[in-house]
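One letter stands for each residue in the lines below.
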Amino acid sequence: EGEMRLKAIGKAMAFLLTLLLFLSQAYGSQERVVDGYRIVTEMIPMRDGIKLATDIAFPKEEDGPYPVLLARTPYGRKGTIDGFVKGDGRRFLDDGYVIAVQDTRGRSDSEGENVAFLADGWVDHWDGYDTVEWLARQKWCNGKVGTFGGSALGITQYLLAGSAPPHLKAMHAWAACPDLYIYTIHQGGALRKSLSVGWSKANKFNERTLDLFSYGRRIYDSFWKVRSLKNVIYRVSVPSVHVGGWFDIFSQGTLDAFVMMQHESAEGARGRQKLIMGPWPHGIKRKVGELEFPENAVKTPNFDMKDWFDYWIKGIDTGIFAKPPVDYYVMGDVDDPEAPGNEWRTAQDWPIPCRYTPLYLREGGKLTFEKPAEESSSQTYTYDPKNPVPTKGGPNLLIPAGLMDQRELEKRPDVLVFQTEPLEESVQVIGRVTVKLWASSSCVDTDFVAKLMDVYPDGRSMLIADGIIRGRFRKSLSREELLEPGAVYEFDIDLWSTAIIFNKGHRIKLHITSSNHPRFDINPNTGRDYSEGCEMKVAENTIYHDKKHPSHILLPIVPLGERGEEDEREK
């Protein structure tokens, strides 16, 4: 009987140990060691009871308390923190920082709905806020938290900034944006199909994400506006670094985030921002599409995260405020080492002073600085949505990106081409580029696409910037207004921003067409959104370029020798 009782007790103890192990794995902390650094997994509770899996790496000398650097990711925390600890992260750990990487809601081991980004801000849930404040309360934390990361990890930082947690002290975000609708999902009213739909499918988010990132909410309404950082910029109080590239998918978002936070934010953030813009796609690279920049393109000035966090979190004077707040790369002819450009410059603010100068579309495919005179001039092309112009380069993520030769597309009858004569002097363009187009269509809706190119002496037409406007969104992204067939309208096409010197002997070229697929979705010309099997109509689209309708591309020209407010830098 005694033996049976001991066996029963043993079984009960084994069951309890198994239960405790299960509960520890499900709800408590787990530990592992990577390269000698202890990493603890915590299930951090949110205000609605959902728990988010968070890996926390500690310095080897665990005296503490320490400041914490946090990254929040939808891509899997374990690979992120292991890579960081084995690489650049060890210098942070060795200097007394704790590193935390969290799976966002519904991702990997975190609980909750698997929908992208909505839980990371200040409307649906407050996951970023709750995480920062939980970390700040731990006995091993000194109450100071910074954040880091790029792309989706940068977007979660902008959403976190808008929730304004009191213990957030500094951010370092790259390749990200502060408004999902404007910079990620839609552009000029057109769906960024390859990016938004492709990304949500590739990362296996749920159907709600796919709905939001496609046609589910195509209008920029209150749903999107209340979730934009601009809506709450008045309460953002954190100094931040904003890093982007001229060919990045979020390039204009990076610029706009810097400008907003530098000038419109609360005390603590206003005047304490840093902007770095390189000649990169979605990541720091020398080769961008079909061109390769000099080695200096990847020698990024003032990028060091540790200098930034040491200053704002540890109070160490690292000299970051002895330098201007803006570093930007001016591109140039990559074949000619004597050509102007291909250098880093600095500025006190963005955008730098420029002279907005129109280059007019003219008869015979010309681009000139002279305005059209009395001639009546127009060109008509046929846009068939069943045969769209294919995407070749540009700011893409899942398809080839960057500077690519567009000449092959010029063989199509639905691509209108305008270009200057070979430039007698170099032309420096730094800032936001727009196209003002007078046009009409035979349909109630259509798209107009513009592409800016740098034409090399051998004829290569390298894409610099592009943009689109959907006809029914020509007045506002917040409301639709169909076209009257045959009526002439003004369309403003935003090509976002660039910084380039068109070298002497090069040409400036412009393409006008009505599609760029799959970068943007196909417009069926019916007033409806495109979907498989829907009705499509062929449009006859006309571009006007005469005295009454002076269609032009507006270039932010900075005369050579006028370097704005920047100081000199070596090539």
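Residues numbered from 1 in each chain as written. Predicted model: local features only at pLDDT ≥ 70, side-chain atom pairs only at ≥ 80, totals over all residues. Heavy atoms only, no water.

## Some words on unusual backbone geometry
Residue Pro 65 is bonded to the preceding Gly 64 through a cis peptide linkage, with omega at -5°. With respect to the helices and strands, Pro 65 occurs in the loop between β3 (51–57) and β4 (66–73). Although it is not a glycine, Ser 108 adopts a positive phi angle of roughly 50°. Tracing the backbone through its elements, the reader meets Ser 108 in the loop between β5 (98–103) and α4 (127–137). (Helix = DSSP H or I, 4+ residues; strand = E, 2+ residues; numbered from the N terminus.)

## A closer look at the sheet that holds β5
The 11 strands are arranged β1-β2-β3-β5-β4-β6-β7-β10-β11-β14-β15 in an open sheet whose pairing can be described as mixed. Looking at which strands have only one partner, the edges of the open sheet turn out to be β1 (30–34) and β15 (343–347). Taken over all neighbouring pairs, the strand axes of this sheet differ in orientation by 20° on average, direction set aside. Relative to strand β10 (residues 240–245), strand β7 (residues 168–174) is paired through four bridges, and the arrangement is parallel. Across the sheet, the residue bridging to His 172 is Val 241, located in β10. Here helix α5 (residues 152–163) sits on the sheet and contacts β4, β6 (141–150), β7 and β10; the angle it forms with β6, its principal contact strand, is near 135°. (Pairing = 2+ DSSP bridges. Axes fitted to C-alpha atoms, helices over the stretch in contact; angles between N-to-C directions. Contact = heavy atoms within 4.5 Å.)

## Section: the environment of Arg 362
Turning to its location among the elements, Arg 362 is positioned in strand β16 (residues 355–362). Residues Arg 362 and Phe 418 lie 56 residues apart in sequence; the distance between their C-alpha atoms is 7.6 Å. Apart from residues lying up to four places away in sequence, Arg 362 is in contact with Thr 368, Glu 370, Lys 371, Pro 372, Ala 373, Glu 375, Phe 418 and His 545. Within polar-contact distance, the side chain of Arg 362 engages the backbone oxygen of Glu 370 at 2.9 Å. (Polar contact = N/O pair within 3.5 Å; in protein donor to acceptor, adjacent residues only side chain to side chain.)

## Overview of the nonpolar core
Formed by 93 residues in total, the largest nonpolar core has its most connected members in Ile 99, Phe 309, Tyr 328, Trp 350, Ile 512 and Ile 553. For this core, the element with the most residues is strand β23 (residues 489–502), which contributes eight residues. In this structure Trp 350 touches Trp 246, Leu 255, Phe 258, Val 259, Leu 275, Val 326, Tyr 328, Ile 430 and Gly 431, once residues within four positions along its chain are discounted. Of all hydrophobic cores here, the second largest spans 62 residues; its members include Ile 56, Trp 134, Ala 152 and Leu 195. (Core = buried A, V, L, I, M, F, W, Y, C linked by side-chain atoms within 4.5 Å. Buried < 20%, exposed > 50% of the residue type's maximum accessible area, 1.4 Å probe, protein only.)

## Concerning the packing of aromatic side chains
Following the criterion strictly, the structure yields 23 aromatic pairs and no others. Note on Tyr 311 and Trp 312: the rings are 4.9 Å apart at their centroids and 75° apart in plane angle, and the pair reads as edge-to-face. Given a relative accessible area of 26%, Tyr 311 falls into the partly exposed group. You can call Trp 312 buried: its relative accessible area is 18%. (Phe/Tyr/Trp six-rings, centres within 6.5 Å; stacked < 30°, edge-to-face > 60°.)

## A look at the pairing of β15
With respect to burial, β15 is a largely interior element, five of its five residues being buried. Of the two faces of β15, the one carrying Glu 343, Arg 345 and Ala 347 and the one carrying Trp 344 and Thr 346 are both buried. Summarising the sheet, strand β14 (residues 326–330) and β15 pair through five bridges and their orientation is antiparallel. Paired with Tyr 328 across the two strands is Arg 345, which belongs to β15.

## A few points about the side chain of Thr 147
Looking at the secondary structure, you find Thr 147 in strand β6. Polar contacts involving the side chain of Thr 147 include one to the side chain of Gln 157, which spans 2.7 Å. Setting aside its immediate chain neighbours within four residues, Thr 147 contacts Leu 70, Gln 157, Leu 160, Leu 168, Ala 170, Met 171, His 172 and Phe 309.

## Brief notes about the pattern of salt bridges
Overall, the coordinates contain 42 salt bridges when judged by the stated rule. Note that Lys 306 and Asp 95 form a salt bridge whose closest N and O atoms lie 2.5 Å from each other. Residue Lys 306 is located in helix α11 (residues 305–314), and its partner Asp 95 is located in the loop between α3 (89–94) and β5; the two are separated by 211 residues in the primary sequence. On the accessibility criterion, Lys 306 (12% relative accessible area) is buried. Judged by relative accessible area, Asp 95 falls into the partly exposed class, the value being 33%. The partner of Asp 492 in a salt bridge is Lys 436, with the nearest N and O atoms 2.9 Å apart. In this pair, Asp 492 is assigned in strand β23 and Lys 436 in strand β20 (residues 427–441), connecting sequence segments 56 residues apart. Members of the salt-bridge network, linked through shared partners, are Arg 32, Asp 55, Arg 77, Asp 82, Asp 103 and Asp 109. (Salt bridge = Lys/Arg side-chain N within 4 Å of Asp/Glu carboxyl O.)

## Observations regarding the environment of His 506
On the secondary structure map, His 506 appears in the loop between β23 and β24 (507–513). For His 506 and Ala 175, which are 331 residues apart along the polypeptide, the C-alpha to C-alpha distance reads 30 Å. Setting aside residues no more than four positions away along its own chain, His 506 makes contact with Asp 333, Glu 421, Pro 422, Leu 423, Asp 454, Val 455, Tyr 456 and Pro 457. In terms of polar contacts, His 506 uses its side chain to reach the side chain of Asp 333, at 2.7 Å.

## Some thoughts on the environment of Arg 272
Position of Arg 272 among the secondary structure elements: in the loop between α10 (251–263) and β11 (273–278). Arg 272 sits 272 residues away from Tyr 544 along the chain, and the two C-alpha atoms are 46 Å apart. What Arg 272 contacts, discounting residues up to four positions off in sequence, is Pro 239, Ser 240, Gln 262, Trp 308, Trp 312 and Phe 321.

## Focus on the pairing of β20
Across the 15 residues of β20, 12 count as buried, placing the element largely inside the fold. Sheet analysis places β20 next to β23, joined by 12 bridges and oriented antiparallel. Each bridged residue has a counterpart across the sheet, and for Ile 430 the counterpart in β23 is Ala 499. Across four bridges, β20 lies against strand β26 (residues 552–557) in antiparallel orientation. Within β26, the position partnered with Val 435 by the bridge is Ile 553. Sheet analysis places β20 next to strand β25 (residues 539–544), joined by four bridges and oriented antiparallel. The residue bridging Ser 441 from the neighbouring strand is Asn 541, located in β25.

## Focus on α5
Between its first and last C-alpha, α5 extends 17 Å over 12 residues, near the 16 Å set by a 1.5 Å rise per residue. Among the 12 residues in α5, 12 count as buried, and that is most of the element. Of the residues trailing α5, Ala 164 is marked for its positive phi of about 55°. (Expected span 1.5 Å × (residues − 1).)

## A look at the confidence of the model for the protein chain
This prediction gives the protein chain a mean pLDDT of 93; 93% of its residues lie at or above 70. Within the model, the stretch residues 16–27 combines pLDDT values under 50 with eight contacts to residues more than four positions away or in other chains. Contacts of residues 564–571 to residues separated by more than four positions or lying in other chains number 29 contacts, the stretch itself having pLDDT below 50. (pLDDT = per-residue confidence, 0-100.)

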